[in-house]
Structures are given as C-alpha cells and as structure tokens.
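Observations on the model geometry
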Amino acid sequence: MWLRASQRGLLTFGLCTLLASWVQSNCKMTLNKAYAPGDIIIGIISSSHTKVLDLYNRTRPEEYICTDFDLVSFARMLADIYTINVINDSGFLPGVRLGYTVCDPCADATKSLQCVVDMLSENNFLPVMCDYTEFRPDVKVFLGSRYSELSIAVAKLLSLYMIPQISTTASATILSDKLRYLSFLRVIPSDLYQTEALAKLMDQFSWDWIGVVSIDDDYGKSALQSFLLNAEKAHVCVAYQEVIPYYLGNGETKQKIKQVVAKVRASNAQVVLLILRPELVQNLFEEAIQTNTTRTWIASDAWSMYGPLATMKDINKVGDVFGFTFTTGRIEGLENYLRNLTIGPGETNSYIEEYKQLRFNCSSPSSPFQSPLACSIPDPLSANDDYLLNKVELSELYSESVAIWAIAHALKEQLECNDSSCPGEMNFPPWKLLAKLKSLNFTLDNNTLFFDQNGDFNDGYDLINWERSGNRRIFKTRGKYSIKDRQMSISLDMITWDNPNNTITVSRCAVSCKPGTRKSDNNSCCYTCIPCDEGTYTNSEDQSSCQTCPIGTWSLKGTTKCAPRTVKYLQWFEPYPITLLAAALIGFAFVILSLTCYIVQRDSPFIKAANLQMSCFMMLGLAVSFGSVIAFMDKPNIHLCRAQQTMYAMGFTLCVSCILVKAFRTFLAFMAFDPVRQERLGKLYNPFVTMITVTSFQGLICTLWLTYDSPDVDNTPPSNQSMIHVLQCTGGSNIGFAVMHSYIALLAFICFLLAFKGRKIPQDYNETGIIIFSMLIHLFVWLCFIPIYITRNESRPVVQASAILVSNFGIIFCHLVPKCFRALCDSSAHLRNILTTFAAQTETPKLSPCQNHTIGLHHPVINDPNNEVVATQL
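Throughout what follows, the structure given in this document is the object of discussion. For clarity, every value in this text was computed on a predicted model and none was experimentally measured.

Cut-offs and rules
- Residues numbered from 1 in each chain as written.
- Predicted model: local features only at pLDDT ≥ 70, side-chain atom pairs only at ≥ 80, totals over all residues.
- Heavy atoms only, no water.
- Helix = DSSP H or I, 4+ residues; strand = E, 2+ residues; numbered from the N terminus.
- Expected span 1.5 Å × (residues − 1).
- Buried < 20%, exposed > 50% of the residue type's maximum accessible area, 1.4 Å probe, protein only.
- Arc of directions from axis to C-beta.
- Contact = heavy atoms within 4.5 Å.
- Polar contact = N/O pair within 3.5 Å; in protein donor to acceptor, adjacent residues only side chain to side chain.
- Disulfide = S-S within 2.5 Å.
- Core = buried A, V, L, I, M, F, W, Y, C linked by side-chain atoms within 4.5 Å.

What to know about helix 8 (residues 253-266)
- Spanning 14 residues, helix 8 covers 20 Å between terminal C-alpha atoms, matching the ideal 20 Å at 1.5 Å per step.
- Of all the positions in helix 8, only T253, I257, V260, V261 and V264 are classed as buried. Projection of helix 8 onto a plane perpendicular to its axis shows the buried side chains occupying an angular sector of 100°, all on one side.
- Turning to helix 8, the residues buried within the fold contact strand 9 (209-215), strand 10 (237-244), strand 11 (271-275), helix 9 (278-290) and strand 12 (296-299).

Given below as structure tokens:
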C-alpha cells in the first residue's frame, strides 16, 4: 500500500514538472480568473465549477473546459476574499496588504495540480531544484481545495516545497499523515472523528441495520473504511454497500444511481449513510423522489449543509435528513457583501461576472438559478439580489474566515509585526510560514484555536437536522459531538420526525430483545432473542449476555431480576395446614368419644364382642397416629422429622396389630367347622403377645432407621424451575421409610386375607366386612400415595399427612363409629322395653330400628356358653 502511494506521488510530481516546464501567458490568464495584488499572495483553489467537459473522451492534453457553476464553492471563495479585505482594512498587518489569486480546478484532481503549478511558476517557469529551502514563490500559502480527492493531490506536490496548504473542507483521514502530507493543515477535524460520531449517532438512536453509499475517490474510500471500523465497535451492521463513480460526467453514473436507489428501496434498512459529493446526492434524491423512496438519510460533512439540496423540488418527500457539520459561526458583514456583490478597484474576478451573467442575463445559456427578471435588467453586472443568501447556508462559510485569520496571525509572527509596522522580510520562503502555522495559537470570536500535532482542528461537530419549512428544508442544530470527551449530546425533544407519529425511525435487522432475554449472536445485528437461563437475568434491552444472580438469590427462565427464594413449609396459619390440623383434632375427638362410649357401654354385647381391651389399644394407636399429623406442622427440624415417621409407624402399627388379633379371632371362628385345625391354630391365639410382638418389631425397624439413616431436614437444592424452597423432611436414603411402610402394608394385607377367609360367618356376628373394607381403604390410599410421593417432591408432607388422616378415619368409621352406634341403639332399646311394660296389653308395640339389630345377638354358636372355644375367644 505504501509503495503504491509513493509511486503515485512520483507520477504526480513528474506530471507537475512536465506541466510546469512551460506555461504560456494566455493560459495563466485563463487559469487565474480572480486576482488582487498584494505584498503577500494567498493562492485560493476553489472549484466554482463541478465538471470538466468531456473528460472521459480526453485524448490530448488540451485546455480544460469547466461546466456546471457551483454556488457553494463560489460563496466560499467570496468569503475568503471578503475576509482578506476585512483584514486589509483593519490594519491587522500594519503596512502589509494581502493579495490573492484564485484558480478553479473544476473538481478535478489533475486540473488542481495545473492550478498549483501555475501559481508557483515564475516568469512562466517552475524551477527544478535539489534544495528548495530558498525557493521564494509569490504565493506563500494555499487555501483549498474543497474536496479531499483534490487536496490529497495538491498536498503531495506542496509537501515537496513545504508550502503550507490549509483546507476548510477536506476531511479525509489520510491527510493527517504528516509523513506523506507534511505541509497540509486544516481548520476542521479528521474524518476519523466524523465517522466515530456517525457510529455513535446510530447507536444512540438504536439503528443497527443501515445501508452505506459512498463515492469511489480517496475521500469516499477513506471515510468508508473508517466508518466500518467504528460501526463494528458500536455494533452497527451494514445491510449493503454501494459505490458511485465520483466524476459527474461519467455516463454510467446515472444508471448506477438508479441501481442504488432500487437497492435502497428493496432493503429493509430504513437508514442510509451517504458519503457523496452534493451533486451526486442531488441526483440520487431526484431518483428517490421519482420512485417514491423514503428513508432516513445520514449526511457526511460534504453535503450536510448544502443549500441547493435543501431547496430542490419535492425535497420533503425524501424523508428525514441528519448530518454532521464542522463548527459553524457568523461572519460579520458577509451578508451585506453578498447582497451588494461588486468587484473592488484593482481586482479582477471573472467568477462574479459569470455568476451575474447566469443570474441576470436572459441571453446566457439556461441556468438553474436564473432570475425571472433577467430580461428586464439592462446591466447584469450591476444587478444584485438575495438569491445567493437564500441558496447558501452562510454559517457553513465560517471555516473560510477561520483559515484566513489563521494565515494572518501566522504572518503577523513571521513578519514580526507591531502596532505600527511589520519589519520582517516580505519575500520569505514559505516553509517558515508553515512552521509558524504549526505552532500557532490564536483567539477568534472568543474561541482559542490551534492546530494539533496532525495539523487538524479538533473542535468537534454540530448535529444538523433538516426540518421542514414549507416546501423546503432548513438546517437546525440539534446536538453536538465533542472530540475531547468523545461524547454525543442530542436534543431529542427538539427533533421533528418525518412520520405521522413523530417517533424515532426504527432500523433494525432484528426486534429489540426485551429484558429477560439476550442476543443469540453478539457479532451480528440479525439475531434472535433467547430467554435467560435459570439463575441469570437481564434488566435492560438488547443485552449480549445474561448476568448471574448474586449468592442467595435466584431467577426463573426469562426473568428480569433475581430475588431470594420463598421458603415454604406447613405453617399454622395457612389454609391447608389448618385443614389438616382440624381433621386431626376431629379425629382425636372421635377417638375420645369412642373411648367414652366403649367404657360407658362396656357391658353391651356389641362392646363385649369387639373386645374392649383390644379396642382401647387400637384407639391409643389411632391417637398417636393423629399426633404424627401435628408433627408435620411448622418449620421442620430433625426432631420433628423423626417424630413424624416414628409416631405414625408405632401408632398405626399398634392399631393394625389389634385389628390383626380381631381378624385372627374371626378366622378361628370360621374354622369351627374343622375342629382339629381350629384347635391347632387356637394355640397361637394370644392377643397381647401378638400385639406386643407385632408392634415391637416395628419399633425395632424404627430404631435401626433412626440409628443408621435417620430422617432429617432435606437439604437438597430446589429445582431450577422454582422460586420456592420447600423445607421438608427426608427419610434419609428412604430405605427405612420404605421398610416401615412395607411392614404396615404387610400387616394390613394379612388382616385382609384372614378376614376375607372368614367372610362366610353370618355378618351380624363377625367383623370380617369392616376389617376387609378398612384394610382395603388403607392399602388403596397408600398405593395411591407411593407415585404421588415420588413425583411430587414439594408436596410430600401434605400428601403423607393426608394419607395418614384418610387411613385413620377409615379405621374410625369402619370399626369404632358403627360399634358405638349399635351399642347406643341397644341401650335405647332396653330403655324403651321398660317404658312399654306399662302400656296397654291390647296394643302390640312396634320395634325400633335399634331393636332389630339386637335380635341376632343370641346366636347359638358364638353366644352359646357350652361352646368353649368361642366363649374363650369372647
């Protein structure tokens, strides 16, 4: 890359030398169309025309013919001349008059070199020297050119002579390279900062999907590359890149613009950056208006305040326009100068004459800015109006004044000026002035200005918004970008958007990722939104990653914040625990009432048949089992965890052991039809031994369980999908838990088999039905309990407590309540018999339902005193 640049520099120098070898006087007059004599001459390179006629068909080094008069460049030249006159009239340089010579390169880099060679030539000859230290041309400093493409070419040549060149608009980053462009200075920042500001602007408006259209000259290429780097840092993606030929006379330019507009229209990117010359932007806007293509356009500094664009026909149809411009200001008295435009005495200015001919002479070729009153003006050169003021943004010309004043301040130091004179040498070599400029520090309009080490001004940018004003647009400053702080400030409330809702344009490849989600790809603007995993979160939009929750907090999938998990256990005041507690208390009440009934009605045949002692032990087991339900309440600890399981295990085993005794007794009664087997099995019937043995074995199981694998508080972390931390007890490895329940289930199953075997005994005289039904209830409940207990980890305490209650109430309503009811009915029947003895003998009393139940109590087998086996059992 460096080699190619060097070769181009040598070629440029060779071309300049050849051009300079002989310059005819009539050519000099053709090139320098504006001139004012002076002690110090400033060379102004100003493209008052934007095109060289038939450049693409150029086959011989003929004279360049320029076309397409450019009002903005013309106004810039006038601002330079006006400022020079102001300095001369002010006596800022006592005894020294500044002069100028103006050459029009017609926006062509090659012709700009011809301008430089012409200005530096002496007696139509440019000397070739080994050492240019004593080279003293009339032109001591150059101002221009407007375009970076031209400034780069000129800067290469002037760096040979170390003649200072100051530009007010050429912002290409490459010009900051002082190794290649030693004598180049500018009163504006480099595009390095402008492209950074553009990327920050897009980031601030959340525009991450944009199109870029650039020009294929040095300025466009440099600005594009710089923008792409800054856009990547700001996570702004480019939907497409299009390049348009820089030369306006190129026959392919119009066709290319049509293709570009078609591309813009086809893309979903709603924001387009245009790094183009103003004339190309005008052509592009014309095509956009014709095809009804509306977008938000971002302007580079080359056209961000280009007046003719803001006043073109149907400009309001293109959409919003934003852009950055260099710091602007007001040049005192310039408006009046432009309103009364004249050529001063001793001066020549063919550009003013051409402008007035185009504006006021109806016989001149058709001009886009010709006055409607042109044909009624007898002397066009003496005519004036406000047309130039309306077409050109005067604040944009402020940099011209800054550049001229910088030259004046440097000359004041070089010429050693005091209040009355400037005794320094007038015909100094230009490199001395360059040294003064580089170290210059001066004040203008209360602003301290200086060139940095790269020869640039770093005073920042103004953000310009093109607001509607009738059928045209006006430039409004709506923000600033500070190079020093690298910060963007935008007055959002002052921006009027070109849409019905007056809302910020949306230009994104993907929808914004809401809080709680993250982007799928950090390196792409076309992403999908992925919910944050459990334990992570995002609390703002478009986050590239999810943050981990602090220790002690958690979050669910796709949430926006972390919070401590809710600790949950069966608390006394909650609805379900209250229900469980109420059911347990009701169970206690039933047990106490049943015990009272059994004791009071102990002489009742039904109570005797139920075996009062076994029934009391059964009720004791039920009471302990109901007590285990209460142990499920409140915050669990190791003692409550042990109490829950052991109380239920021992209590319900005691209850079932009593039922087992009853079932075995009924089975023996069934074996009365086989006396031999009945007698053999009757030897095993010992209620208390059976009860104690069966219950003690369960006690042994619980002891081993508590010793080797004791129940404790479950410290297992909660599920990632839950914000609730359920505090509950665990059965250790669950082996003891399984053995304990299996043992109870085995006892219940044995009871069921014995009762089922003795079911053929008449129902009024045995308990097989209630034993079968109660054991089926228990087995069914716990068979349902197992899968629920395994799958519903957070509901285990509630499930187990509920299963205990259902089993207990199954025993109560199958064994205790019916016996109490029948005993009470028997007592009421005896009382009724006593009362009815006094009734009339002629009336047959009716039997009550309770009496009907007492008839079968005198069964000849079970209640026969002579049946020794059964009597003993009873």
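As for the environment of A803
- Locating A803 in the fold gives a position in helix 24 (residues 796-836).
- C-alpha of A803 to C-alpha of V629: the two residues are 174 residues apart in sequence and 9.9 Å apart in space.
- Residues contacting A803, with those up to four places away along its chain left out, are V781, W782 and F785.

Observations regarding the side chain of T293
- Within the element layout of this structure, T293 appears in the loop between helix 9 and strand 12.
- Overall, the relative accessible area of 2% leaves T293 in the buried class.
- Looking at T293, its side chain comes within polar contact range of the side chain of R265, at 3.3 Å.
- A polar side-chain atom of T293 sits 2.9 Å from a polar atom in the side chain of T291.
- Residues contacting T293, with those up to four places away along its chain left out, are V261, V264, R265, A288, K317 and V318.

Quick notes on the state of the cysteines
- Under the counting rule described, the total for this entry stands at nine disulfides.
- Shown here is the disulfide that connects C237 with C525, its sulfur atoms set 2.0 Å apart. Looking down the S-S bond of the C237 and C525 bridge, the torsion is 85°, so its handedness is right-handed. Here C237 is found in strand 10, whereas its partner C525 is found in the loop between strand 20 (517-519) and strand 21 (529-531), with 288 residues between them in sequence.
- Summary of cysteine pairing: C751 is not part of a disulfide, and the nearest cysteine sulfur, belonging to C655, is at 9.4 Å.
- Using a relative accessible area of 0% as the deciding quantity, one classes C751 as buried.

Describing the nonpolar core
- Residues F74, L274, L284, F285, W297 and W303 are the most contacted members of the largest nonpolar core, which totals 136 residues.
- Sorting elements by how many residues they give to this core places helix 3 (residues 71-90) first, with 11 residues.
- Once residues within four sequence positions are removed from consideration, F74 is found in contact with S48, F69, L341, Y351, I352, Y355 and L388.
- Within the second largest apolar cluster, 66 residues are counted, among which are A649, L654, C655 and F667.

Honestly, that's just the spatial picture; any functional story needs more than this.
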